[in-house]
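Structural features, examined
Each chain, written out:
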Amino acid sequence: MPLQEVVEVNESVDLAPLDKVLDEYASERGAVIPVLQRAQEIYGYLPKEVLKHIAKRMNVPVSQVYGVATFYAQFSMMPKGRHTVEICDGTACHVRGAAQIIKVLEQELGIKAGETTPDRRVTLRVVFCLGSCALAPVAVLDGQIVGRLVPDKAARLVRELE
Amino acid sequence: MTEPIYRADVLVCGGTGCVSSGSLKVMEVLRAELERVGLSQEVRVVETGCRGFCAQGPIMVIYPDGIFYCQVKPEDVPVIVEETLLKGRIVQRLVYSEPESHTNVPLYENIPFYEKQQRVTLRNCGIIDPERIEEYIARGGYEALAKALTTMTPEQVIEEVKASGLRGRGGAGFLTGLKWEFTAKAPGDVKYVVCNADEGDPGAFMDRSILEGDPHSVIEGMIICGYAVGAHEGYIYCRAEYPLAIKRLKLAIQQAEEYGLLGENILGTDFSFRLKIKEGAGAFVCGEETALIASIEGRRGEPRPRPPFPAVQGLWGKPTNNNNVKSYANIAQIIANGAEWFAKIGTPRSPGTAIFALTGKVRHTGLVEVPMGITLREIIFDVGGGILNNKRFKAVQTGGPLGGCLPESGLDLKVDFDSLRQAGAVMGSGGMIVVDEDTCMVEFSKYFLTFATAESCGKCVPCRVGGRRMLELLTKITNGEGTLEDIAKIEEIATGMENGSLCALGQLTPGPIRSALRYFREEFEAHVTEHRCPAKQCTALIQYVIDPNKCTGCGRCRRACPVQVIAGDRRMIHVINQAGCIKCGTCYEVCPFDAVVKVSGETIPVPEAPIPVGTFKPVETQA
């Protein structure tokens, strides 16, 4: 798995909602993962400040929190774009042409999968199996499943995003 | 308030497959429509789990008749209410139609997709409302728990499970009863029961369907296991990518607690058991039991050497029994119906049923449950309806990214744990991907290898480095730059990984390439020696070309090209500028005249620039 860098973003982070989550999990063993999941729900990604604060409150080294955050695919240390496009490259989608869809979208957005456009318009991700294999190839656009994609339909889909 | 007595039930599939094709909207419109025509006290709408026939979704079954409607759209609802629910007539255009004979099959029980299936593990999926414990109980649910707790000793429960011959449905096929016995006999007062619901194989979704469609069957199995091994606490480790499964599990646990089936003094006995859900965070390796335990403990999901096995030293260092969703889902029926009943299904060495997620280039994609010992041919051609678009069957991959493929000559293999392993494929996760002649086996094995290497946790060298090196060599081959030595090198690395990796992920990563080399070696060699991709799929080795004798100058390809590299005009022969082509295949798909062709290792003469249709004369090539 490629190493993720913790991005310095000049945005102040309000830690109050995180503290509430930390209080909730105070007595639970092995709660680092659920806390990180809740933190990402709150902030959209995991800023450096948040990782440090979790480590301090849970009394574990920052290295351990960072280690967990970089291990699991769900966690991101980069701010997301206004829209998220997740393309499925699970086996069923793959044999029905997902690789071409990914290529077209990378071309259209000028970024690689896993990246966000510099204007923070779109984040492009590749995921493995959304369980909608019957509609393959599928993508999830801001939480909505779009199925039976073909290259030009996919390109149009992202072109129209604000 | 008592419930009205309904004269009909409309079951609408609320599994993820049907939801993504729009079943929730159908349900909403249906409820409103029933209200409007005054039938809401006579007809009940039930949101069920998955029925497996995902390709035909959204699916609706109307009881008591068992009328099966498929691909139902919200705008079809008024017709269904008017015709079927008011007048008792079948809406023929929504009925499943046999693709070969075009005959309509209106009743659920007659549909060929279900004919050869035997639903044991999935017996409630798509039949009951998974959000109501009462419906599970009405189908005999929690009887087995009562039987075990009040009439059997923990040893007798273990003996029964052992006698049934149930083998671990997570893929390895270890005897479940034996595993329970190890945990039961391990010294220690505190023990745990863990359910592995981290279904990470891209293309398998049976565990999810069980959790979404029949969550209580898993919960009941876990409680019985807790009683048998002497544990009072259990964890279900479920992928975070399965939000609906998690929601239904939470609800099911809450309902079981309210009924006194979970918690203190279950059913008035002195046995107590609690269940918690842990959400995964996206790591395929967490399907390995020691990695899964590390993840529950809040650490990086890295496996560790075994022994000690989790049965002796597992979660928080305590004896832990870990089984797959499907294994637990079989337990209640084994206890209720007896080991003998279970042992009669399937084959002597692999009793019971197997669940496959049938996907790829097969007509009826979906979830199928068949008795062990059925042939692959029956699964793919009878249940699955054969290959899409009348193409030729090429291979079937079983066991997902850590499995292997089988060619046409393997189609008559009787499916069970041992026969598949012998043939170089495995039961594994239950993914079954069918590919046709258009799939390149080199690219196909590269796909699985890409997945497996990306998911390597990096702890042990053979898996971390071996996978990557193998991927580099395979990429060379798909780019047409490989050599025969590269193929030999791949086999050497594969042996090293199989023998030297810490866990099953590393040991099984070479599986797909091994089997592809065993059955399709000539395809690898064509890439290397002839720089040709026989299936015309490896983009570095193919070109899309417009046949000047077939092009009519309609311009469809030019307008559809996402990178605008097709030159042409009305009534002009179109030409693809190869330098800018990304080989997405859109032109190939849209051309109504089959003028766009894929070539690999051959050339066809084309004009350099667009010329009027009908004027093309190939330049005489010097012989």
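**Some remarks on the interface of chain B and chain A**
Listed as interface residues are 43 residues of chain B and, on the opposing side, 36 residues of chain A. Among the secondary structure elements, those contributing two or more residues to the side of chain B that touches chain A are helix H1 (16–20), helix H12 (289–296), strand S11 (353–360), strand S15 (431–436), helix H17 (441–454) and helix H23 (586–590) of chain B. Taken together, the residues that form the side of chain B that touches chain A break down as 18 nonpolar, 18 polar and seven charged.

**Some thoughts on the sheet that holds strand S10 (residues 320–324) of chain B**
Residues and elements named next belong to chain B. If you walk across this open sheet you meet the four strands as S9-S8-S7-S10, and the pairing is parallel. Both edges of this open sheet fall to strand S9 (274–279) and S10, since each of them pairs with a single strand only. Adjacent strand axes in the sheet meet at a mean angle of 20° when their direction is disregarded. Two elements, strand S7 (residues 192–197) and S10, share five bridges in a ladder whose sense is parallel. From the neighbouring strand, Cys195 faces S10, where its bridge partner is Asn323.

**Focus: the packing of helix H1 (residues 16–24) of chain A against helix H2 (residues 32–43) of chain A**
Residues and elements named next belong to chain A. Relative orientation of the contacting elements H1 and H2 amounts to 155°, with a least axis distance of 10 Å. By the criterion of interaxial angle, the relationship of H1 to H2 is roughly antiparallel. Crossing angle aside, the handedness with which H1 passes H2 is right-handed. Residue-level inspection shows Pro17, Leu18, Val21 and Leu22 of H1 in contact with H2, the latter providing Val35, Arg38, Ala39 and Ile42. Partitioning the contact of H1 with H2 into residue classes produces seven nonpolar, no polar and one charged.

**Topic: the domain arrangement of chain B**
Residues and elements named next belong to chain B. As far as domains go, chain B holds domain 1 (8–114), domain 2 (133–343), domain 3 (353–439), domain 4 (442–529) and domain 5 (542–623). Taken together, the contacts link twelve residues of domain 3 with 15 residues of domain 4. Here the side of domain 3 that touches domain 4 gets three residues from one element, more than from any other, and that element is strand S14 (residues 404–407). Partitioning the side of domain 3 that touches domain 4 into residue classes produces seven nonpolar, five polar and no charged.

**A word on the sheet that holds strand S13 (residues 393–398) of chain B**
What links the strands of a sheet is backbone hydrogen bonding, and the strands pair in either a parallel or an antiparallel sense. Residues and elements named next belong to chain B. Strand order in the open sheet formed by five strands is S12-S11-S15-S13-S14, with mixed pairing between adjacent strands. With one partner strand each, in any of the chains shown, strand S12 (366–371) and S14 form the two edges of the open sheet. Recorded for the sheet is a direction-independent mean angle of 30° between the axes of neighbouring strands. Where S13 meets S15, five bridges bridge the pair, whose relative direction is antiparallel. Counted as the bridge partner of Ala395 is Val435 from S15.

**What about the pairing of strand S8 (residues 233–238) of chain B?**
Residues and elements named next belong to chain B. Within S8, five of the six residues are buried, leaving the element largely enclosed by the surrounding structure. Alignment of S7 against S8, held across six bridges, turns out to be parallel. In the sheet register, Cys195 faces S8, and the bridge partner there is Ile236.

**Notes on the confidence of the model for chain B**
Mean pLDDT over chain B: 94, with 99% of residues reaching 70 or higher. For this predicted complex, the interface confidence score (ipTM) comes to 0.86, while the overall pTM stands at 0.91.

**A word on helix H7 (residues 154–164) of chain B**
Since one α-helical turn is 3.6 residues long, residues separated by three or four positions face the same way. Looking at H7(B), one finds that the buried residues are Val157(B), Ile158(B), Glu160(B), Val161(B) and Ser164(B). When H7(B) is viewed along its axis, its buried side chains cluster within an angular range of 160° and face the same direction.

Rules of the game
Residues numbered from 1 in each chain as written. Chains lettered and ligands numbered in written order. Predicted model: local features only at pLDDT ≥ 70, side-chain atom pairs only at ≥ 80, totals over all residues. Contact = placed C-beta atoms within 7 Å. Helix = DSSP H or I, 4+ residues; strand = E, 2+ residues; numbered from the N terminus. Nonpolar A, V, L, I, M, F, W, Y, C, P; charged D, E, K, R; others polar. Pairing = 2+ DSSP bridges. Axes fitted to C-alpha atoms, helices over the stretch in contact; angles between N-to-C directions. Parallel < 35°, antiparallel > 145°, perpendicular 65-115°, else oblique. Left-handed = near helix turned anticlockwise from the far one by under 90°. Domains from an automatic or database assignment. Buried ≥ 20, exposed ≤ 12 C-beta atoms within 10 Å, placed from the backbone. pLDDT = per-residue confidence, 0-100. Arc of directions from axis to C-beta.

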